[in-house]
Every structure is written in C-alpha cells, then in structure tokens.
Amino acid sequence: MLDSCKLKSACNLPLICNKKIHTVGTSNADVPLADPGMYQLDITLKRGQSLAARDRGGTSDPYVKFKIGRKEVFRSKIIHKNLNPVWEEKACVLVDHLREPLYIKVFDYDFGLQDDFMGSAFLDLTQLELNRSTDVTLTLKDPHYPDHDLGIILLSVVLTPKEGESRDVSQSLRLSDQHRKSHLWRGIVSITLIEGRDLKAMDSNGLSDPYVKFRLGHQKYKSKIMPKTLNPQWREQFDFHLYEERGGIIDITAWDKDAGKRDDFIGRCQVDLSALSREQTHKMELQLEEGEGHLVLLVTLTASATVSISDLSANSLEDQKEREEILKRYSPLRIFHNLKDVGFLQVKVIRAEGLMAADVTGKSDPFCVVELNNDRLLTHTVYKNLNPEWNKVFTFNIKDIHSVLEVTVYDEDRDRSADFLGKVAIPLLSIQNGEQKAYVLKNKQLTGPTKGVIYLEIDVIFNAVKASLRTLIPKEQKYIEEENRLSKQLLLRNFIRMKRCVMVLVNAAYYINSCFDWDSPPRSLAAFVLFLFVVWNFELYMIPLVLLLLLTWNYFLIISGKDNRQRDTVVEDMLEDEEEEDDKDDKDGEKKGFINKIYAIQEVCVSVQNILDEVASFGERIKNTFNWTVPFLSWLAIVALCVFTVVLYFIPLRYIVLVWGINKFTKKLRSPYAIDNNELLDFLSRVPSDVQVVQYQELKPDPSHSPYKRKKNNLG
C-alpha cells in the first residue's frame, strides 16, 4: 500500500498524466536509449480472459497494478465476481528511460484481508515501436508455480518520445521562486452519506445489514454497518483529496454484512466529479446498478487546502510576508471565517541517525512518512544509508488541534512491502514551536524504543476559539487503519483497564456503605451532617460547580508540585507484552495457542475486546480530564462548567429543558441532513486514554545521539 501512496520528485518516480489515448501510427522512427528526453507510455487496459479463481464461489474480484522499477504507476478499478473482466481503462505514464520493463500484476480484492495474487507478466519497453499503437497479449504466470495457467491480459500501448523534457522536473521547478513549493492535491471532495432507500434484501429474514464502500483512486472509506434494515440512515461525513484537475470518478459499492462468511454484494454506482460545479453542495440520489434501491449523498468540491512539500529553502514561516499572512489568517478576529480551518502546521524533517540496518548489506534505504489524520506525505528515499538527511518541509491545514502528528521511517524494498524502522507520535498541543528536537524512534505499538532518532522542527499556529468549537463536533476518522485482530494480551489488557474503572465505582460504593454502617463513627457523623446540609441547600447549579472545584483543586495541586498523577506502569508493561506477542506471531505463524482454539468465534471475541476498550477508555478519559493530562481540554472544561453553573443559577430548569426540547424536535426540520452528534462524547474523544498517554510519551534520547557526533558517518 505504501508504494501506491508514495509521492516523489519526477526524477525518481514515473508521473501519471491525464490525457486521452490517441491511436497513432505515423512514424516508426527510433530513438536511442541514451536519449536524455523522457518517454510517454499510453496504456489501454482492455480486458482479461480465463483468470484464476481465488474465492470460494469459484470466481474473483480482479484488479491490475502496473509498476515500472519499484514504483506503482497505475491501478485499475475492481471488477467484482468476474473471471473475464472488461476494464477499458486508460493511463498515461512518463518514464525517463526504457531499461526498466513494465510489470503487470493481477490481484483478487478481499475486503479486510490480504489481496490474493492472481499472476504477473512484464512488457519489455525496448521492443516497442515508437509512435505506433501496439496490441499486446500477456500470459499471466506465478513464479512459484510456472506450470499453472492463470489466464491472459490484453493491452494496447503507444510509446512516444517527449523531446526537450528534462528528467529532473522537480529540480527545474525549484529554480523558479513561483514554484519553490509543490502543492500535492488540487482540492477536497466532501461527501456526506445520508441514507439508503429500498435496498435489496440479502438475508433470510427479508432484511440486510448494509454498509457502503467508497473509492477515489487509492483513497478508500467504509461506512458503519446498519443492522436489519432496507432503509438505512447513516449520516456520515468524510473527505477525499482531489488530485486530478478534471475531478475523477468515485466508485461506490453497497454490501450486506454476513458474520462468518463472505459479505453479499448489494449494488454499485458512480459519481463523476468532472460534471459537478465547485464550491457548491450537490444532493444526489443514485440508483444502484446490478441491484436494487438508491443511495442519497451530499457532495461538495472545494479548493485545495494548504498542503505542500518543499525544500528547506522554501520555508513558509521564515518568509516574513508569508508568516504575517498565516498569523493574520488565524488571528482572534477571524473566528467565524471558515470554522474548519483551525490552524497551520509546518514540519521540517531534517535527518535521522543510527537507524536499524534492514538489508543484508548492513544498510537501509530509508524514507519518511508524515501523517496528520488522513493527510499523508512522504520524503524521497536515501539509499544505502543509516544516517539519512532529507531536509524537507511539509505543511498541513489543521482541522482538529487535538490531532496527533505521526512520523514513520521505512526501509524501501524492491519486491515487497517496505520494512518498518521506527515511528513517533506527537500530539499537536505538546509541540514547542521552532525547536529542533531529536525524537527517539519507537516500535509499531509506540510502547518502547527501537534503534535510531529522527530530528524534527515543528511549528503550530492555530486559532484557540475555532479549536475549542471544533472540539464539540465529531472527530475525523482515519481511512487507513489496521483491522483489529484478536489478541490474548490485548483482550486481557482491556479487561484489566475496564476492571480498574469499575473498581473505582465499587470502592466508592463500599466507602458510602461504610458510612451507613458506622464503621468509623467520626467519619459517619461528618458524612451525615454533610448529607443534611447538601440536601437542604441543594440547587442544580451545584453539580457543575462541584466538578469545577475538583478541576481547580487538581490544578493547584499540580502547579504546587504535589502532582498525584502516577505513571501507569501496568498499562506500559502490558503494552510491551503485547508487542512481544505480536513479534512472536510474526516470527512463528504456525504455533497453535489461545487464538487458534477460539478461531470459530473470533469475530465475537474481537467485538468483546473492542467493547472493553471503549468502556475502559471512557472512564480513563474522564479521569484524565480532571487530571489535567491535556491542559487545553481541562481549561475548556472549566470554561464550560463556569457557563453551566451561571446558567443553572440564573435560569429556571424548566426553561433550559424547554429550549433543549425545542432544539431537539426542530433540528431535523431546520437541517434535514445534519449529522447527529453528542457534544460531551465528542469532547471526551479528544482526551487521551491511558494507553494513548503511554504511546504519546516522549522518550529521552541516548546521550550518544548528538547532532554532530555522527556527521562523519553520513557518507556511509
């Protein structure tokens, strides 16, 4: 998946352009391979014949990947349940030499699982006649089973020299002040999935458990599952990045969830973004093809956000004029201007030192992935180096100040997925502006150190009022997340976390009961007097007032040095055990144990595991709000509690309930497609759980990792 998302300079990565294929045959002039110009390869993927069956139903869901060298340059759409698929898709690829063949790999798409390999072939570009359309039939083979017949792929290709075009496009761009910064996508597609109508019944009870999958290029989104209904109400909103000038096509498929077996296909539809006007919301009722029913969507195309990658010389914040514009954009006076644009993030990825050797040569080919929610950018690869220097600047728009910046280092491999070298997760609210820091790289679970450090310099500018308002709306979900798998350690950890939260309530109940039993007469007498006083004088405004006093009390304890917060060593130890278990599973997949014994009920166990995590996280988030784990959120809670206290003190409860009820009853009338949310739960979703607190802790670097100590080794 990393290959499909990787963005590099044009000198390293073949470029995808958006031209229609024109069949030409006017010239067969040859150009020597040493020609410094680039070549344009126009590809038409026509169809496949007699492809291999990879699913239990005797069919497959094939799609095709095209690669040149190490990079994926095009991926076709998925044709469901067909061994003779017809694609008729066109792509235009720019290549800088013809020595690398065009590799074609066919896969069977399996949602939530690893896609099955269906065969591969390659096309020698040096054998193509220039400026002439060539029909190509490629026989698919599996290198491990060369005798197996896996079918054929039919293509049409045209190879054209691009005279006068420099290979080092990115270098020439940097020479111009107007192009010192490269914006990576042209706009945002905001999609709201409203509802489905009269969907096809796929279950024996005459109903379905529908969910919807969206795909735009390599970007994917899956909706939540709505059980037992043919008229589901989703009310989900998400965004895709728009890379093509003309728009592109969103593929939409509806599915029925079936526990323990393959999900049923309900129908498909498409949205052609090139036909939609920008800066306008379009309501669409789409008829499902190959099925029954409709889907109702809202689609909005907006201009590009400020997301870019550049060299250190194009530092936005060091340009005084540009810095002033950014500060003005997020000044307190522009509170109600574009509430979604909360702030600006600039990340300088400078270098790494002492990385793990992932190759047999004792070196690595490291590159760096920088992620903020669903925005994902990458550096170039530094080959055969354990102390790489990237010197790149990434900029992002901040939509949620409670987001976590993730920086991951990988080792690039030619024939397989990239190897993980290390990762750091940095909450935006913990960043100190303008300070170059050495971050110790952690393992995949972010629980302990791995080898190496990475040097970053990060700046965050944001509007505090916008950030506070955005805290009370639903949190953006990540599209690319690993599927939860059953883990004995994770199940045990979540059970212990929930047990600790429940025990707090149990201990409080025991304490109150001991007061009733007069186990300690002085304590019971004090409790009895306090009970009489509170009940006699109780007013509703006292509830937020007590919570406000608790927050204030903890704040003064912290600033006075009497911090009673303790490191959660239990969670840390269990996270480390979980990491060891994952490593053990990766090394020895054949061992039988706890997971294999309950494989038949794995989905149920995963659900229980996730419920335990949600319940435990809810209790921990409440605790961490009062513990001032994130001061910004605790201050926001103080402001909210002050407002609630004043409102409840001066306004009778019946008026408050009346306003609340009128708002609830008229919300759908005022805004029929509004997304339901609970402000309190949205607030708590921004507070880290104990597990996240451990994951976001910054490790102290090894003193041996100084900025200059390894300078001499950077040549290696």
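Since the structure is predicted, the reported quantities are computational estimates derived from the model, not experimental observations.

J.: What am I meant to see in the packing of aromatic side chains here?
T.: Given two aromatic rings, their pairing is described by the distance between the two centres and the angle made by the two planes. Inspection of every chain in the model, using the stated rule, returns 18 aromatic pairs. An angle of 25° between the planes, with centres 5.9 Å apart, marks the rings of Tyr63 and Phe107 as stacked. One end of the pair, Tyr63, is in strand S3 (residues 62-68); the other, Phe107, is in strand S6 (residues 102-108), and 44 residues separate them in sequence. Neither Tyr63 nor Phe107 differs from the other in exposure class; each is buried. An angle of 40° between the planes, with centres 4.7 Å apart, marks the rings of Tyr555 and Trp628 as tilted. One end of the pair, Tyr555, is in helix H7 (residues 542-559); the other, Trp628, is in the loop between helix H10 (602-626) and helix H11 (631-650), with 73 residues separating them in the sequence. Taken together, the aromatic side chains of Phe214, Tyr221, Phe238 and Phe240 make up a single cluster linked through ring pairs.

J.: Explain empty space enclosed by the protein to me, please; I cannot follow it from the model alone.
T.: Any space left empty among the atoms is revealed by the rolling of a water-sized probe across them. The full count for this structure, using the stated rule, is 2 cavities of 30 Å³ or more. Of the voids in this model, the largest cavity is the one considered here, and its volume is about 40 Å³. Contributing to the lining of the largest cavity are Leu372, Asn373, Asn374, Asp375, Asn397, Ile398, Lys399 and Glu476. Grouping the amino acids of the lining of the largest cavity by side-chain chemistry returns 2 nonpolar, 3 polar and 3 charged.

J.: Would you mind going over the packing of H7 against H11 with me for this structure?
T.: Contact geometry of H7 with H11 gives a least axis separation of 8 Å together with a crossing angle of 150°. When the interaxial angle is binned, H7 and H11 end up roughly antiparallel. Between H7 and H11 lies a crossing whose hand is left-handed. From H7, Pro544, Leu545, Leu547, Leu548, Leu551, Thr552 and Tyr555 reach across to H11, where they touch Ser634, Trp635, Ala637, Ile638, Leu641, Cys642, Phe644, Thr645 and Leu648. Here the residues of the contact of H7 with H11 sort into 13 nonpolar, 3 polar and no charged.

J.: Help me understand the sheet that holds S3 in this model?
T.: On the basis of which strands lie adjacent, the open sheet formed by 4 strands has the order S4-S3-S6-S7 and antiparallel pairing. On the outer flanks of this sheet lie strand S4 (71-75) and strand S7 (116-123), each paired with one strand and no other. Adjacent strand axes in the sheet meet at a mean angle of 25°, parallel and antiparallel pairs treated alike. Two elements, S3 and S6, share 7 bridges in a ladder whose sense is antiparallel. Residue Lys65 lies in a different strand from S6, and its bridge partner there is Lys105.

J.: What's the story with the sheet that holds strand S12 (residues 210-216) in this structure? I'm lost.
T.: What links the strands of a sheet is backbone hydrogen bonding, and the strands pair in either a parallel or an antiparallel sense. A sheet is described by the order of its strands in space; here 4 strands give the open sequence S13-S12-S15-S16, paired in antiparallel fashion. At either end of the open sheet lies a strand with only one pairing partner, and these are strand S13 (219-222) and strand S16 (264-272). With direction set aside, neighbouring strand axes in the sheet form an average angle of 15°. Looking at chain direction, strand S15 (residues 249-256) and S16 are connected through 8 bridges and run antiparallel. By the bridge assignment, Ile252 is partnered in S16 with Cys269.

J.: I would appreciate a short explanation of the pairing of S3 in the present structure.
T.: Look at any regular strand and the pattern is simple: side chains alternate between the two faces of the sheet. Most of S3 sits out of view: 7 of its 7 residues are buried. Taking every second residue as pointing to the same face, both faces of S3 are buried, with Pro62, Val64, Phe66 and Ile68 on one and Tyr63, Lys65 and Lys67 on the other. Pairing of S3 with S4 involves 4 bridges; the strand directions are antiparallel. For Lys65, the partnering residue across the bridge sits in S4 and is Arg75.

J.: I keep staring at the pairing of strand S25 (residues 419-427) and nothing clicks. Help me out?
T.: Burial analysis of S25 places 8 of its 9 residues in the buried class, the great majority of the element. Bridge count for strand S24 (residues 404-411) against S25 is 8 bridges, and the pairing is antiparallel. Directly across from Val407, in S25, lies its bridge partner Val424.

J.: Help me understand the confidence of the model for the chain, please; the structure alone is not making it clear to me.
T.: Predicted coordinates in areas of low pLDDT are best not read in detail. When the pLDDT values of the chain are averaged, the result is 77; 78% of them are 70 or greater. Between residues 581-600, whose pLDDT stays under 50, and residues either more than four places distant or in other chains, the model counts 12 contacts. In this model, residues 705-716 is a region of pLDDT below 50 whose contacts with residues beyond four sequence positions or in other chains number 22 contacts.

J.: Honestly, the nonpolar core in this entry has me stumped. Any pointers?
T.: Ranked by internal contacts, the top residues of the largest apolar core, which has 46 residues, are Leu345, Val349, Ile454, Leu456 and Ile458. Of all the elements, H11 adds the most residues to this core, at 6 residues. If sequence neighbours within four positions are ignored, Leu345 has contacts with Leu372, Phe394, Thr395, Phe396, Ile398, Leu405, Leu428, Ile431, Ile458, Asp459 and Val460. Counting 34 residues, the second-largest nonpolar core is a separate cluster that includes Val64, Ile68, Leu125 and Leu159.

J.: Looking at this structure, how should I read the environment of Asn373?
T.: With respect to the helices and strands, the residue Asn373 is situated in the loop between strand S21 (366-372) and strand S22 (375-378). Classification of Asn373 by relative accessible area gives buried; the value is 18%. C-alpha of Asn373 to C-alpha of Glu406: the two residues are 33 residues apart in sequence and 8.6 Å apart in space.

Cut-off values and rules
Residues numbered from 1 in each chain as written. Predicted model: local features only at pLDDT ≥ 70, side-chain atom pairs only at ≥ 80, totals over all residues. Heavy atoms only, no water. Phe/Tyr/Trp six-rings, centres within 6.5 Å; stacked < 30°, edge-to-face > 60°. Helix = DSSP H or I, 4+ residues; strand = E, 2+ residues; numbered from the N terminus. Buried < 20%, exposed > 50% of the residue type's maximum accessible area, 1.4 Å probe, protein only. 1 Å grid on protein atoms, 1.4 Å probe; cavity = no way out; pocket = protein on both sides within 12 Å on 5 of 7 lines; lining within 4 Å. Points joined across faces, edges and corners; volume = space filled by probe spheres on them. Nonpolar A, V, L, I, M, F, W, Y, C, P; charged D, E, K, R; others polar. Axes fitted to C-alpha atoms, helices over the stretch in contact; angles between N-to-C directions. Parallel < 35°, antiparallel > 145°, perpendicular 65-115°, else oblique. Left-handed = near helix turned anticlockwise from the far one by under 90°. Contact = heavy atoms within 4.5 Å. Pairing = 2+ DSSP bridges. pLDDT = per-residue confidence, 0-100. Core = buried A, V, L, I, M, F, W, Y, C linked by side-chain atoms within 4.5 Å.

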